[in-house]
Amino acid sequence: MRKIYVFDTTLRDGEQSPGVNLNTREKVEMALQLEKLKIDRMEAGFPAASPGDLAAVNAVARAVKDVTVIGLSRSRESDIDAVREALIGAQDPCIHVFLATSPIHRKFKLRMEKQQVLETAQASIRYAKKYFSKVEFSLEDAGRTELDFMAEVVAMAVREGASVVNIPDTVGYLYPSEYGAIFKYLKENVPDIEKVQLSAHCHNDLGMATANTLAAILNGADQIEGTINGIGERAGNTAIEEIAMALETRAEFFGAKTGLALTEIARTSRLVSKLTGMVVPGNKAIVGANAFAHESGIHQDGMLKEKTTYEIMTPESIGLKESKLVLGKHSGRHAFREKLMDLGYDLSEEQVNEAFTKFKVLADKKKEVSDEDLLALLEEKLIDTPEVFKLETIFVAYGNESTPTARVRIATEDQTIEEEAEGNGSVDAIYNAIDKVSGEEVTLADYSIKSVTHGKDAQGEVHVVLSQNDVAAQGRGLSTDILEASARAYVDAVNVLIEKRKTFSRRERATL
Ligand SMILES: CC(=O)SCCNC(=O)CCNC(=O)[C@H](O)C(C)(C)COP(=O)(O)OP(=O)(O)OC[C@H]1O[C@@H](n2cnc3c(N)ncnc32)[C@H](O)[C@@H]1OP(=O)(O)O
Ligand SMILES: CC(C)C(=O)C(=O)O
Ligand SMILES: [Mg+2]
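In this text, all values refer to a predicted model and were calculated from it rather than measured experimentally.

Topic: the UniProt feature "domain: Pyruvate carboxyltransferase" (unreviewed entry) in the protein
Okay, step 1: Listed under "domain: Pyruvate carboxyltransferase" (unreviewed entry) in the UniProt record, and renumbered for this structure, are residues 4-266.
Okay, step 2: Across residues 4-266, the secondary structure splits into 44% helix and 18% strand, with the terminal C-alpha atoms separated by 21 Å.

This is the structure we're talking about:
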């Protein structure tokens, strides 16, 4: 299998993303992660840009051990000197010199004729070769350069001893077959072309950076340049993770692979996003949050039966834990039942159907139904919580100069129990009395009350959350009297808690 060298320019072209500015510490942190990803070459910055960038490139050069560290330079001696200074201490230094070759850039930007471009590039490669054994030369805007002139410049770079010649589609203008054809043309028309590695460097202005880079590989490119998450100037650069996974997933088609440690992809992507502040879109290939998430019922059913029905690569292969089945309005019963099992609810067919109907009503109102939504849905008597305790009566004695006292009568399956207790307030007294009846040791984790109708006789709804060890349960009580609503909510939560405890121990037994 042919090896494709990976030239990462996250720290240089990636940093050219508007609004991104990495300090030395951040560049070093990223460089060390890129080293773990096992990229071959790393462009750490543009030392002539500022003293800060020069220092950052130097810090990276000294920090990484197993990667070639590269500094970018215009075709000017002063820029080359800046790279020399920046790469002091690098284990394997390389300089990247560039000059634009297209008619538009020659005429308007450089104000140079073809001959002048050729001579300037030649002089800079010669100067760079005095100090570096590895020199990469880029023909900026090669994509819009006349083929014969491009071949002339590439031939000169080969003669001058460049180790890599890069053919950038600087403005993301080309279509894959056109870009691929350039590599084929150079291979066939430039003498001694085998003495250099040919490199592909694409931008994503028309969304074709990945396709163009793959076309270059199919036509003999030895190296690809890109960034993690595809960040970079304007619409960004080729996303390295997309190339690596395309080659991996379609190895039989491309016959080439990178040497990347693929399981470091997700971690590297998260770090780049964190340090640059550039959020990865959910639908971004490979590293977007939805890249391994499935929402629709037919897909989820397929996934549950056989993952390869809807996944061409595994989340594990890029260092993620597992695929996600997201519950939403397009989901079906298979995924719904699976989720209930995950949450510890082993329900009958009839109960699942009842819960599923209510879930669809909720899913119509919400974009995504979370685990918490489902738990609330289930606890709202979607499963019949058996009433272990049934509140029959309460009596409360309260005076502002006496200790509140409550008496409750509660029925169980085979008896009726009455208990009395005092408390700091009326609700506290009621809850102490209920605790005496149930014998459960619980903590009141939350208590809230709201009126659900209007007027003086409004109904009050009390919501409580009780906890016991790792189990939490919610209860609701409704009454025109808030003390009764409080008592009902508490008894309801105790019943839910007892039922949940049973479910959890069933599940634990099942996993033993
Ligand atoms: C396609 C790419 O991504 S190329 C890399 C782009 N990255 C950057 O530009 C980031 C770093 N750049 C900078 O910090 C600044 O532009 C600097 C320090 C390099 C130069 O700043 P200044 O000297 O103020 O020049 P400025 O940026 O305004 O103009 C660029 C000059 O370089 C010239 N130039 C552009 N490319 C090259 C080149 N490859 N070789 C030689 N000269 C070049 C331009 O023609 C222009 O020259 P002029 O002043 O004679 O007209
Ligand atoms: C400096 C060069 C290689 C570049 O980034 C481009 O042409 O896009
Ligand atoms: Mg670029």
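There is more to say, and it comes next.
Re the site of ligand 1
Okay, step 1: What surrounds ligand 1 is a group of 15 residues, the closest being Phe46, Ala49, Arg74, Ser75 and Leu99.
Okay, step 2: Listed by contribution, the elements that provide at least two residues to the shell around ligand 1 are strand S5 (93-100) and helix H4 (103-110).
Okay, step 3: Class assignment of the residues belonging to the shell around ligand 1 gives a composition of six nonpolar, three polar and six charged.

Considering helix H7 (residues 176-189)
Okay, step 1: In a regular helix each residue adds 1.5 Å, so 14 residues correspond to 20 Å; H7 covers 20 Å between its end C-alpha atoms and thus fits that length.
Okay, step 2: Taken together, the buried positions of H7 are Tyr179, Gly180, Ile182, Phe183 and Leu186. Angularly, the buried residues of H7 cover 145 degrees about the axis, an arc narrow enough to put them on a single face. Residues Ser177 and Glu188 are exposed on H7 and point more than 90 degrees away from its buried face.
Okay, step 3: Buried residues in H7 make contact with helix H6 (147-159), strand S7 (164-169), strand S8 (197-202) and helix H8 (209-218).

Let's talk about the environment of glycine 45
Okay, step 1: Locating glycine 45 in the fold gives a position in strand S3 (residues 41-45).
Okay, step 2: In this structure the C-alpha to C-alpha distance between glycine 45 and glutamine 16, which are 29 residues apart in sequence, comes to 9.8 Å.
Okay, step 3: Discounting chain neighbours no more than four positions away, the residues touching glycine 45 are Leu11, Arg12, Asp53, Ala56, Val57 and Gly71.

Structural notes on the site of ligand 2
Okay, step 1: Residues in contact with ligand 2, as listed here, are Asp13, Phe98, Ser138, Glu140, Asn166, Pro168, Thr170, His201 and His203.
Okay, step 2: Looking at side-chain class alone, the shell around ligand 2 contains two nonpolar, five polar and two charged residues.

A short note on the sheet that holds strand S6 (residues 135-140)
Okay, step 1: The eight strands lie next to each other as S2-S3-S4-S5-S6-S7-S8-S9, forming a closed barrel whose pairing is parallel. Taking the axes of each pair of neighbouring strands and ignoring which way they run, one obtains an average angle of 25 degrees across the sheet.
Okay, step 2: Strands in contact with helix H2 (residues 51-63) are S3, strand S4 (68-74) and S5; relative to S3, the strand with the most contacts, it is inclined by about 150 degrees.

Details of the UniProt feature "binding site: Mn(2+)" (unreviewed entry) in the protein
Okay, step 1: UniProt tags Asp13, His201, His203 and Asn237 as "binding site: Mn(2+)" (unreviewed entry). Across 225 residues of sequence, these annotated residues stay compact in space, with a maximum C-alpha separation of 10.5 Å.
Okay, step 2: One can find histidine 201 in strand S8.
Okay, step 3: According to the C-beta neighbour criterion, histidine 201 is buried, with 29 such atoms within 10 Å.
Okay, step 4: In contact with histidine 201, other than residues within four places in its own chain, are Ser138, Asn166, Pro168 and Glu225.
Okay, step 5: Secondary-structure assignment places asparagine 237 in the loop between strand S9 (223-226) and helix H9 (240-249).
Okay, step 6: Look at asparagine 237 and you get buried, because 31 C-beta atoms sit within 10 Å.
Okay, step 7: Sequence-distant contacts of asparagine 237, that is, excluding residues within four places in its chain, are made with Thr9, Asp13, Gly14, Cys202, His203, Asn204, Ala209, Gly226, Thr227, Gly230 and Gly232.

Calculation criteria
Residues numbered from 1 in each chain as written. Chains lettered and ligands numbered in written order. Predicted model: local features only at pLDDT ≥ 70, side-chain atom pairs only at ≥ 80, totals over all residues. UniProt positions renumbered as here; feature names shortened; annotations may be inferred. Helix = DSSP H or I, 4+ residues; strand = E, 2+ residues; numbered from the N terminus. Near = placed C-beta within 6 Å. Nonpolar A, V, L, I, M, F, W, Y, C, P; charged D, E, K, R; others polar. Expected span 1.5 Å × (residues − 1). Buried ≥ 20, exposed ≤ 12 C-beta atoms within 10 Å, placed from the backbone. Arc of directions from axis to C-beta. Contact = placed C-beta atoms within 7 Å. Pairing = 2+ DSSP bridges. Axes fitted to C-alpha atoms, helices over the stretch in contact; angles between N-to-C directions.

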